[in-house]
Structure formats: structure tokens, C-alpha cells
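Coordinates in review
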Amino acid sequence: MVQATPFLLVLFLALGAHGLSVKKVLSGWDALGGWAGGCGCRLCCGTGAEFSPLQCSLTGHWVNDLGSNMTIEAVNSNGDFSGTYHTAVTATTNEIKVSPLQGSMQKGPNQKGQPTFGFTVNWSFSDSITVFTGQCFVDNDGKEVLRTMWLLRSRVESINSDWKATR
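Residues numbered from 1 in each chain as written. Predicted model: local features only at pLDDT ≥ 70, side-chain atom pairs only at ≥ 80, totals over all residues. Heavy atoms only, no water.

In the annotation of an unreviewed UniProt entry, the protein is listed under the name Avidin and assigned to Cinclus mexicanus. Here is the UniProt Function (unreviewed entry) comment for the protein, exactly as written: "Forms a strong non-covalent specific complex with biotin." Taken from UniProt, the Subcellular location (unreviewed entry) comment for the protein reads in full: "Secreted". (UniProt positions renumbered as here; feature names shortened; annotations may be inferred.)

Right under this line is the structure:
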């Protein structure tokens, strides 16, 4: 049985499935470092009596507290997206390389500007793959935050070793 616990967006391959949180990098500043300038997250778009609800956009560059980087390209009209993930941590001795990701965001009317999503990272430097699922939020300070869970599957030699293949 896999246990899931909350954690910052870290692909810490030596552990089991985790809850993750990551903040977007805005204008070259790491939001985790206390960036206090204007918000690139479309907090209010309009004038006078118009008010747009808080909206979170997956598109952009995301960094976690361990230095892992993720870039998500434009989300198409179906909610599909691609990008890259460059982890700062790994359980392998192989050289870490930037790896491709493919995902999908829920585009339904009930998302209310804070959509759910999922994506897969196909690691370029190992025989494993990781799936993430989560939701994009705007926190109380107006910063975009991803809260996710992930599950990593490594290749094993036989079905007898299947028990140790998923973390």
C-alpha cells in the first residue's frame, strides 16, 4: 500500500507518493523567496464595479524549494499541455537531465479559475516515469500555487520485483 503525505513540489525519488506544492516564478523572482511585487496572476481584470475572481494559470515557469524547475507551455483549447521538468533530486546515480512532460487540465465550468490537472514526466535519465495530479490555486497573498500528488514507477527485471517498483 502506498501512503501519500503533503510535501512541497519535490520529486524526491527515494520516497513514496507525496503531496506537492510549488509556486510560480514571476518576473525572474522566486515566489518562494517572498516576492512582494505586483502579481502576474490576473487577480483583478476590469474597472469600477467589475471584478474577476482569482485565477490560476498553469502556463509558466515553476520552482520548488529544492530547486527543481518545471516549465509548462501554453494550454490548448482542449486543456492539453506539454513542457519540461528538471529535477534537482534523484535516487539514481545517473546524470540528471531535463525531461519532457505531457498533461491535461480540466476545462469544465466548475473549475472556477483554480483548475485540476494531471501530467506525466518521462525521465530522460532513468527507466522510470512519474505521474502527477493536482490543482492550481491562488493563495491568500495572490500567489499561484500548485498542490499535487505524485507516483513514480520504475522498471524492474521481473514480476517478482513488482512490489518495489512503485514509490
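Put plainly, two cysteines are in a disulfide when a covalent bond ties their sulfur atoms together. Evaluation of the coordinates by the stated rule reveals one disulfide. A disulfide bridge connects Cys56 with Cys136, and the sulfur atoms are separated by 1.8 Å. Residues Cys56 and Cys136 are joined by a disulfide whose S-S torsion is about -60°; by sign, that bridge is left-handed. Here Cys56, found in the loop between strand 2 (29-30) and strand 3 (60-63), pairs with Cys136, found in strand 8 (residues 128-138); they are 80 residues apart in sequence, far enough to count as distant. According to the relative accessible area criterion, Cys56 is buried, its value standing at 7%. Judged by relative accessible area, which is 0%, Cys136 ranks as buried. (Disulfide = S-S within 2.5 Å. Helix = DSSP H or I, 4+ residues; strand = E, 2+ residues; numbered from the N terminus. Buried < 20%, exposed > 50% of the residue type's maximum accessible area, 1.4 Å probe, protein only.)

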